[in-house]
Amino acid sequence: MTPIYLDHAATSPLRTEVREAMQPYLHESFGNPSSVHRWGRAASAALDEARATCAAALGARPGEIVFTRGGTESDNLAVMGRVARLRADGLEPTVVISAVEHKAVLESAEHACARGAGTLVVLGVTASGEVDLDRLGRAFERGHVLASIMWVNNETGMLLPLARVAERVREAGGTLHTDAVQALGKVPVSVDEPGVDLLTVTGHKIYGPKGAGLLYVRAGTALSPLLHGGGQERGLRPGTQDVAGAVGLAVALDLAVREQAQEAIRLQALRDDLEARVRATVADARINGAAAPRAPHVSSVAIPGVDGAALVARLDLDGVAASGGSACNSGASAGSHVIAALYGSDDPYATVRFSLGRATGTGDVERAAGVLAAAVASLRGGSA
């Protein structure tokens with residue numbers, strides 16, 4: 001039978017529209033956008049148009065868009081670049097993150113604070129999606145706060161209360177960054193609602209190219225670059241820009257935002273159908289984060305009495321691509337820090353993450369639920 005791909009939160013296939021838009025800049029229009037001749041001018045014009053398209057999709061201005069090589073770099077630039085600039089201005093910032101952040105934010109914050117950049121505060125998150133805002137409030141007593149709170153959790157689909165965080169940060173005069181990688185195309189995203197200073201986007205989660213991303217930097221929010229050697233991207237990301245990648249990212253982002261409302265309805269119906277089937281066939285399964293507001297494309301299913309890696313491998317053998325959590329942790333021996341934060345480090349459940357996409361249909365979720373039930377029964381029976 002045709003394999004079913006249910007790992008769109010890890011990466012997504014390139015859309016035809018994106019590939020066609022990129023094609024000219026991979027061959028004919030190959031110029032360096034910093035060059036002054038006609039090839040360079042053509043590349044520069046394409047880059048400007050891509051920047052304007054990305055800005056419009058996010059409710060930003062073109063000058064606030066910095067192209068990067070993906071979400072991880074954007075997260076690093078936001079966290080470490082802001083911390084470095086604050087320190088250069090004579091401030092010792094407190095960095096505040098949630099316990100369920102992507103490793104790109106978590107490790108950036110740890111690295112910045114380990115180098116004497118200030119104090120790291122990690123906010124607890126409950127399985128119902130509540131964040132410890134009281135601890136956030138106390139962090140402001142230390143001085144300037146850089147808060148980095150993701151919009152949608154990549155492992156569970158949980159929506160964090162970003163609007164409430166933003167209100168607190170604005171009132172205290174702090175800086176707010178959000179990783180919106182899993183939010184775009186699934187929930188409405190705008191830099192002005194709830195109001196963020198820095199926002200991370202990557203292309204390959206929204207049917208765009210891998211290695212193409214951006215960081216929105218609100219006017220007046222100063223950063224120090226992580227790389228040195230050129231003046232591109234306002235000096236914040238030196239190096240010759242990937243024009244084809246920027247063009248592809250812009251098309252993917254524009255389409256994701258335009259189609260978000262209708263696609264979210266469809267994806268939520270599929271996700272709810274999948275979870276209903278799982279509950280009916282695996283009676284002791286738990287849906288991680290089910291009590292919290294969630295984006296519509298992710299279902300994180302926890303099952304006791306099986307090995308997580310063996311379960312994901314069995315699904316793959318039976319033609320269903322899923323993951324155990326974040327694809328960035330693939331091969332890691334430690335359990336998920338997200339599930340540990342929500343349910344405790346001694347949680348006895350194994351987790352499999354299904355993430356749905358444009359090509360997912362009713363037959364796919366029906367088959368996936370059946371394959372999951374059979375895999376669980378086989379693994380528990382010792383006959384895998």
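Model, not experiment: these values are computed from the prediction.

Asker: Looking at this structure, how should I read the overall build of the protein?
Answerer: Helix and strand counts for the protein stand at ten helices and twelve strands. A compact globule built from 384 residues would reach a C-alpha radius of gyration of about 21 Å, and the protein, at 21 Å, matches this within 12%. Dimensions of the protein along its principal axes, counting C-alpha atoms only, are 65 × 55 × 35 Å. Looking at the protein alone, contacts between residues at least 24 apart form 76% of all its contacts between residues at least 6 apart. Just so you have it, the protein exposes about 15600 Å², and 51% of that area is on carbon and sulfur atoms. Distance between charge centroids for the protein: 3 Å, based on 36 positive and 41 negative side chains.

Asker: I'm lost on the nonpolar core in this one. Help?
Answerer: Here is a general trend for soluble globular proteins: nonpolar side chains tend to be buried in one another's company. If you look at the biggest cluster of nonpolar residues, it comprises 58 residues, and the most contacted ones within it are Leu58, Phe67, Trp151, Leu199 and Leu214. When residues of this core are assigned to their parent elements, the largest contribution, seven residues, is made by helix H7 (residues 243-281). Look past the residues within four positions of leucine 214 in its chain and what remains in contact with it is Cys54, Leu58, Ile65, Val66, Phe67, Thr68, Ser74, Leu199, Thr200, Val201, Leu249 and Leu253.

Asker: When you look at the pairing of strand E12 (residues 349-355) in this model, what are you seeing that I'm missing?
Answerer: Side chains on a regular strand alternate between the two faces of the sheet. A large share of E12 lies buried, amounting to six of its seven residues. Examined bridge by bridge, strand E10 (residues 298-304) and E12 share seven bridges and lie antiparallel to one another. Considered in E12, the bridge of serine 299 is made with phenylalanine 354.

Asker: How should I be thinking about the sheet that holds E10 in this particular structure?
Answerer: The pairing of strands in a sheet happens through backbone hydrogen bonds and is either parallel or antiparallel. Ordered in space as E9-E10-E12, the three strands form an open sheet in which the pairing is antiparallel. Edge positions in the open sheet fall to strand E9 (286-287) and E12, since each of these has one partner strand only. This element, helix H8 (residues 308-317), spans E10 and E12 of the sheet and lies at about 35 degrees to E12. Contacting E10 and E12, helix H10 (residues 362-381) runs over the sheet at an angle of about 25 degrees to E10.

Asker: What exactly am I supposed to notice about the pattern of salt bridges here?
Answerer: It is possible for side chains bearing opposite charge to pair when their charged atoms get close. Taken as a whole, this structure holds 20 salt bridges when the rule is applied. In this structure, arginine 294 and glutamate 275 form a salt bridge, with 2.8 Å as the shortest nitrogen-oxygen distance. Within this pair, whereas arginine 294 is found in the loop between E9 and E10, its partner glutamate 275 is found in helix H7, the two being separated by 19 residues in sequence. Here arginine 294 matches glutamate 275 in class, with each residue buried. For arginine 314, the salt bridge goes to aspartate 318, with nearest N and O atoms at 3.2 Å. Take arginine 314: its relative accessible area is 21%, and that puts it in the partly exposed class. Salt bridges linked by common partners bring Arg15, Glu17 and Glu259 together as one network.

Asker: Before we go on, may I ask you to explain the packing of helix H2 (residues 38-58) against H7 in this structure?
Answerer: When two helices pack together, their arrangement is given by the angle between their axes and by how far apart the axes lie. Their axes nearest at 9 Å, the elements H2 and H7 cross at an angle of 25 degrees. The angle between the axes of H2 and H7 places the two elements in the roughly parallel class. As H2 runs across H7, the sense of the crossing is left-handed. Contact residues: Ala43, Ala46, Leu47, Ala50, Thr53, Cys54, Ala57 and Leu58 in H2; Val243, Ala246, Val247, Leu249, Ala250, Leu253, Asp254 and Val257 in H7. Within the contact of H2 with H7, the residues separate by chemical class into 14 nonpolar, one polar and one charged.

Asker: Can you help me understand unusual backbone geometry in this one?
Answerer: Glycine aside, residues mostly have negative phi, and peptide bonds are mostly found in the trans state. Each neighbour pair has its own omega, and for glutamate 193 with proline 194 the value is 20 degrees, a cis peptide bond. Relative to the helices and strands, proline 194 is located in the loop between strand E6 (175-179) and strand E7 (198-202). Positive phi, normally seen in glycine, also occurs at arginine 234, with a value near 60 degrees. Mapped onto the elements of the fold, arginine 234 is located in the loop between strand E8 (213-217) and H7. The partly exposed category is assigned to arginine 234, whose relative accessible area is 47%.

Asker: I keep staring at the sheet that holds E7 and nothing clicks. Help me out?
Answerer: On the basis of which strands lie adjacent, the open sheet formed by seven strands has the order E2-E8-E7-E6-E5-E3-E4 and mixed pairing. Edge positions in the open sheet fall to strand E2 (65-68) and strand E4 (119-123), since each of these has one partner strand only. When the angles between neighbouring strand axes are averaged without regard to direction, this sheet yields 20 degrees. Bridging between strand E3 (residues 94-98) and E4 involves five bridges; their strand directions are parallel. Note on E4: the bridge partner recorded for serine 98 is leucine 123.

Asker: Would you mind showing me how to read empty space enclosed by the protein here?
Answerer: Summed over the entire model, instances satisfying the criterion amount to two cavities of 30 Å³ or more. Here the largest cavity defines a volume of roughly 130 Å³. The wall of the largest cavity is formed by 17 residues, among which Gly185, Tyr207, Ala256, Glu263 and Arg358 lie closest to the centre. The class makeup of the residues in the lining of the largest cavity is eight nonpolar, three polar and six charged.

Asker: Looking at this structure, how should I read the side chain of aspartate 75?
Answerer: Looking at the element boundaries, aspartate 75 is found in helix H3 (residues 71-88). At a separation of 2.8 Å, a polar atom in the side chain of aspartate 75 contacts the side chain of threonine 200. Aspartate 75 has contacts with Ala104, Val105, Ser108, His177, Asp179 and Thr200, leaving out every residue within four places of it along the chain.

Asker: Got a minute to help me understand the packing of aromatic side chains in this structure?
Answerer: Aromatic rings in a pair are described by how distant their centres are and how their planes are angled relative to each other. By the definition in use, this model includes zero aromatic pairs. The ring of tyrosine 343 carries arginine 286 above its face, with NZ or CZ at 3.6 Å from the centroid. In this structure, arginine 286 packs its charged tip against the face of tyrosine 349, placed 4.3 Å from the ring centre.

The rules behind the values
- Residues numbered from 1 in each chain as written.
- Predicted model: local features only at pLDDT ≥ 70, side-chain atom pairs only at ≥ 80, totals over all residues.
- Heavy atoms only, no water.
- Helix = DSSP H or I, 4+ residues; strand = E, 2+ residues; numbered from the N terminus.
- Rg over C-alpha atoms; globule rule 2.2 N^0.38 Å.
- Contact = heavy atoms within 4.5 Å.
- Areas by Shrake-Rupley, 256 points an atom, 1.4 Å probe, with all protein chains shown as cover.
- Lys, Arg positive; Asp, Glu negative; His and termini not counted.
- Charge placed at Lys NZ, Arg CZ, Asp CG, Glu CD.
- Core = buried A, V, L, I, M, F, W, Y, C linked by side-chain atoms within 4.5 Å.
- Buried < 20%, exposed > 50% of the residue type's maximum accessible area, 1.4 Å probe, protein only.
- Pairing = 2+ DSSP bridges.
- Axes fitted to C-alpha atoms, helices over the stretch in contact; angles between N-to-C directions.
- Salt bridge = Lys/Arg side-chain N within 4 Å of Asp/Glu carboxyl O.
- Parallel < 35°, antiparallel > 145°, perpendicular 65-115°, else oblique.
- Left-handed = near helix turned anticlockwise from the far one by under 90°.
- Nonpolar A, V, L, I, M, F, W, Y, C, P; charged D, E, K, R; others polar.
- 1 Å grid on protein atoms, 1.4 Å probe; cavity = no way out; pocket = protein on both sides within 12 Å on 5 of 7 lines; lining within 4 Å.
- Points joined across faces, edges and corners; volume = space filled by probe spheres on them.
- Polar contact = N/O pair within 3.5 Å; in protein donor to acceptor, adjacent residues only side chain to side chain.
- Phe/Tyr/Trp six-rings, centres within 6.5 Å; stacked < 30°, edge-to-face > 60°.
- Lys NZ or Arg CZ within 6 Å of the ring centre and 35° of its normal.

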